[in-house]
Amino acid sequence: MCAFANDFQNLGGGYIVIGVSEENGKPVLPPIGLKSERIDSIQKDLLNLGNSAIARAYHPVTSTCVIDSKTILVLWVPGGATRPYRAKVRIGKMSVNGLGIFVRVPVP
């Protein structure tokens, strides 16, 4: 999220799709999907991460979609208004105190 939020080239940020596997950067269909009861929990976790893991709070736009009867969660992460954003280098048990600036590097 941090790299897309730091959209210094104004490419429109990026999308993160939860519930779809990928292989070599391409989606594998049909999607794995998410259990519908997990979606609220995932969105709550994203809200918490946007406040605690990214310096200058940042929150993506989320939307649920149904593909082949499977529910997926799509995050649109547009370039933020208060760039640069810094994010924790690691989250969870392996967390460290350092913050890093992550930037999206477009593929030519």
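Residues numbered from 1 in each chain as written. Predicted model: local features only at pLDDT ≥ 70, side-chain atom pairs only at ≥ 80, totals over all residues. Heavy atoms only, no water.

A. Up close: the overall build of the chain. Within the chain, the regular secondary structure consists of 2 helices and 8 strands. N-terminal to C-terminal, the α/β element order of the chain is α-β-β-β-α-β-β-β-β-β. Each principal axis of the C-alpha distribution contributes one length, and for the chain these read about 40 × 35 × 25 Å. Counting over 108 residues, the chain shows a buried share of 26%. Sequence separation of at least 24 residues holds for 60% of the intrachain contacts in the chain that already meet a minimum separation of 6. Of the accessible surface of the chain, which amounts to about 7,300 Å², a share of 56% is contributed by carbon and sulfur atoms. Considering the chain, the positive charge centre built from 12 side chains and the negative charge centre built from 7 side chains are found 10 Å apart. (Helix = DSSP H or I, 4+ residues; strand = E, 2+ residues; numbered from the N terminus. Buried < 20%, exposed > 50% of the residue type's maximum accessible area, 1.4 Å probe, protein only. Contact = heavy atoms within 4.5 Å. Areas by Shrake-Rupley, 256 points an atom, 1.4 Å probe, with all protein chains shown as cover. Lys, Arg positive; Asp, Glu negative; His and termini not counted. Charge placed at Lys NZ, Arg CZ, Asp CG, Glu CD.)

B. Local environment of the side chain of D7. Position of D7 among the secondary structure elements: in the loop between α1 (2-5) and β1 (14-18). In this structure D7 is buried but unpaired, with R104 as the nearest side chain of opposite charge at 5.0 Å. For D7, the residues in contact, after removing those within four places along its chain, are G12, G13, G79 and R83. (Salt bridge = Lys/Arg side-chain N within 4 Å of Asp/Glu carboxyl O.)

C. Highlighting the layout of surface pockets. Roughly 210 Å³ of volume is contained in the largest pocket. If you trace the largest pocket, you find it lined by M1, C2, A3, L46, L49, A53, I54, A87, K88, I91 and F102. The class makeup of the residues in the lining of the largest pocket is 10 nonpolar, no polar and 1 charged. (1 Å grid on protein atoms, 1.4 Å probe; cavity = no way out; pocket = protein on both sides within 12 Å on 5 of 7 lines; lining within 4 Å. Points joined across faces, edges and corners; volume = space filled by probe spheres on them. Nonpolar A, V, L, I, M, F, W, Y, C, P; charged D, E, K, R; others polar.)

D. Fine view of the environment of I72. Take I72: it is sitting in strand β6 (residues 70-77). Judged by relative accessible area, I72 falls into the buried class, the value being 3%. Here the alpha-carbon distance between I72 and A87, two residues 15 residues apart in the chain, equals 25 Å. Discounting residues that sit within four places of it in the chain, I72 has contacts with V17, I18, G19, V20, P31, G33, L34, S63, T64, C65 and I67.

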